[in-house]
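Next come the chains, spelled out residue by residue.
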Amino acid sequence: MKQYKVAVVGATGMVGRKMLEVLAEHKVPVGELVPFASARSAGGKIEFCGKEYEIIELTEQNVKACKADYALFSAGAGVSKTFAPIFAECGAVVIDNSSQWRMDESVPLVVPEVNPAAIKLNRGIIANPNCSTIQAVVALAPLHKAFGIKRIVYSTYQAVSGAGVGGYNDLLGGISGEAPKKFPRPIFANVLPHIDVFLPNGYTKEEEKMIKETRKILGDDSLRITATTVRVPVYYGHSESINVEFEKPAKADEVRKVLEKADGVVVMDDSANAVYPTPRELENRDEVFVGRIRQDESVPSGVNLWVVADNIRKGAATNAVQILEYIISGK
Ligand SMILES: NC(=O)c1ccc[n+]([C@@H]2O[C@H](COP(=O)([O-])OP(=O)(O)OC[C@H]3O[C@@H](n4cnc5c(N)ncnc54)[C@H](OP(=O)(O)O)[C@@H]3O)[C@@H](O)[C@H]2O)c1
């Protein structure tokens, strides 16, 4: 089998480390790995598939010298803005986890279960959506196809790891009374209705991302969507309450049947026996879990869903690796 040279930019971060894990688990044919990070980590070592690799400082010269086939980016928007085009100019296909390219019309925004055909339209850069959007659209795309979605109301409960190593450390340090460094307020024993920056209309950037990215991935600018995104003291795994209103009549049982057959979805829904997805119990899983499927009795056709996924896996690393696997498969 052909082997590929794969660069991972941000290899020492929360998402980058998980990318290495998923690449190995999924047995992606990586002949050579090039782990890039900042000058802070350069020279250190990182293990991948039983072999030690030296961490390389991300500079234009080092990118040009590396001649990678693929580059998986998870080092923030600023880094992607500067370095993704350099990789692309050198012939690599970049799969970028940051928000930098997601809304660029010339860049496909891809969730392989939903819009794999968009991958072929890439001109060297493919964007991975925001973690909270990925898990939502995996569940919503088959419902949009079956019943036509009219309106979505998102309310999220997002893990601290969504803010990287700094977010994780704020929860851990908060337990022993340390002041937060990453979040604006304490996260331990607290809930913050504030993810990313506030915009002039009062929404946060995270909320705007969910709204705009959902429309782009589902290919429907007419979708009416609103969102409230909230950080909760959970280490891994985002949970979402999703209220959906449909064009066509849809009973909760019919919605459950569609979801049971949907690619990448696991239905966990037996309320009588307290069976529903929770983030702590589903850590390190690649799928999107859906429970609490019930009719919204306040509208002619609509349901409420509870959707949980590991934000570092399906919300970031796994989705990026699945895009890479799709390209390599030559489909
Ligand atoms: N966490 C999530 O749930 C999630 C989900 C989807 C997308 N993302 C996106 O993925 C990206 C990384 O997130 P994360 O959670 O992994 O953050 P993180 O844990 O803080 O890691 C950041 C990584 O970027 C590297 N980096 C920072 N500045 C750099 C520079 N100037 N040059 C080269 N490398 C640099 C860091 O290297 P050093 O070790 O050298 O500092 C580290 O490897 C962000 O764009 C984030 O929005 C995160």
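Look up a bit, the structure's there.
Quantities reported herein were computed from a predicted structural model and do not represent experimental measurements. (Residues numbered from 1 in each chain as written. Predicted model: local features only at pLDDT ≥ 70, side-chain atom pairs only at ≥ 80, totals over all residues. Heavy atoms only, no water.)

**Q** It is not clear to me how the overall build of the protein chain should be interpreted in this structure. Could you clarify?
**A** Scanning the protein chain from N- to C-terminus turns up 8 helices and 14 strands. For the protein chain, the C-alpha radius of gyration of 20 Å lies close to 20 Å, the compact-globule estimate for 331 residues. Overall, the protein chain is about 60 × 50 × 40 Å in size when its C-alpha atoms are taken along their principal axes. By the burial criterion, 52% of the 331 residues in the protein chain qualify as buried. (Helix = DSSP H or I, 4+ residues; strand = E, 2+ residues; numbered from the N terminus. Rg over C-alpha atoms; globule rule 2.2 N^0.38 Å. Buried < 20%, exposed > 50% of the residue type's maximum accessible area, 1.4 Å probe, protein only.)

**Q** It is not clear to me how the environment of Gly315 should be interpreted in this structure. Could you clarify?
**A** Relative to the elements of secondary structure, Gly315 occurs in helix H8 (residues 313-329). A sequence separation of 29 residues divides Gly315 from Asp286, and the C-alpha atoms of the two residues are 8.8 Å apart. If sequence neighbours within four positions are ignored, Gly315 has contacts with Pro129, Asn130, Cys131, Ile134 and Asp310. (Contact = heavy atoms within 4.5 Å.)

**Q** Explain the nonpolar core to me, please; I cannot follow it from the model alone.
**A** Proteins that are soluble and globular tend to have nonpolar side chains buried together. Ranked by internal contacts, the top residues of the largest apolar core, which has 57 residues, are Phe87, Val255 and Leu305. Among the elements that take part in this core, helix H4 (residues 131-147) stands out by supplying 9 residues, more than any other. Not counting chain neighbours up to four residues away, the residues in contact with Val255 comprise Leu143, Phe147, Phe246, Ala250, Ile293, Val303 and Leu305. Core analysis: the next-biggest nonpolar cluster, separate from the first, contains 31 residues, Val22, Ile46, Phe48 and Val110 among them. (Core = buried A, V, L, I, M, F, W, Y, C linked by side-chain atoms within 4.5 Å.)

**Q** I keep staring at the packing of helix H1 (residues 14-25) against H8 and nothing clicks. Help me out?
**A** It is at 9 Å that the axes of H1 and H8 come closest, and there the two elements cross at 45°. Between H1 and H8, the crossing angle belongs to the class labelled oblique. Where H1 crosses over H8, the handedness of that crossing is right-handed. Of H8, the residues touching H1 (which contributes Val15, Lys18, Met19, Glu21, Val22, Leu23 and Glu25) are Arg313, Ala316, Ala317, Thr318, Ala320, Val321 and Leu324. Its residues placed into classes, the contact of H1 with H8 shows 9 nonpolar, 1 polar and 4 charged. (Axes fitted to C-alpha atoms, helices over the stretch in contact; angles between N-to-C directions. Parallel < 35°, antiparallel > 145°, perpendicular 65-115°, else oblique. Left-handed = near helix turned anticlockwise from the far one by under 90°. Nonpolar A, V, L, I, M, F, W, Y, C, P; charged D, E, K, R; others polar.)

**Q** Sorry if this is basic, but what is going on with the sheet that holds strand E13 (residues 288-295) here?
**A** Sheet strands line up and pair through hydrogen bonds in the backbone, either parallel or antiparallel. Strands sit in the order E10-E9-E11-E14-E13-E12 across an open sheet of 6 strands; the sheet is mixed. Pairing within the sheet leaves two strands with one partner each, and these edge strands are strand E10 (224-228) and strand E12 (265-267). Averaged over neighbouring strand pairs, the angle between their axes works out to 25° when direction is ignored. Where E13 meets strand E14 (residues 302-309), 5 bridges bridge the pair, whose relative direction is antiparallel. Considered in E14, the bridge of Gly291 is made with Trp306. Docked against the sheet, H4 engages strand E9 (149-157), strand E11 (238-246), E12, E13 and E14, running at close to 25° with respect to E11. In this fold helix H7 (residues 252-261) packs onto E11, E12, E13 and E14, with an angle of close to 165° to the strand it touches most, E13. (Pairing = 2+ DSSP bridges.)

Honestly, that's just the spatial picture; any functional story needs more than this.
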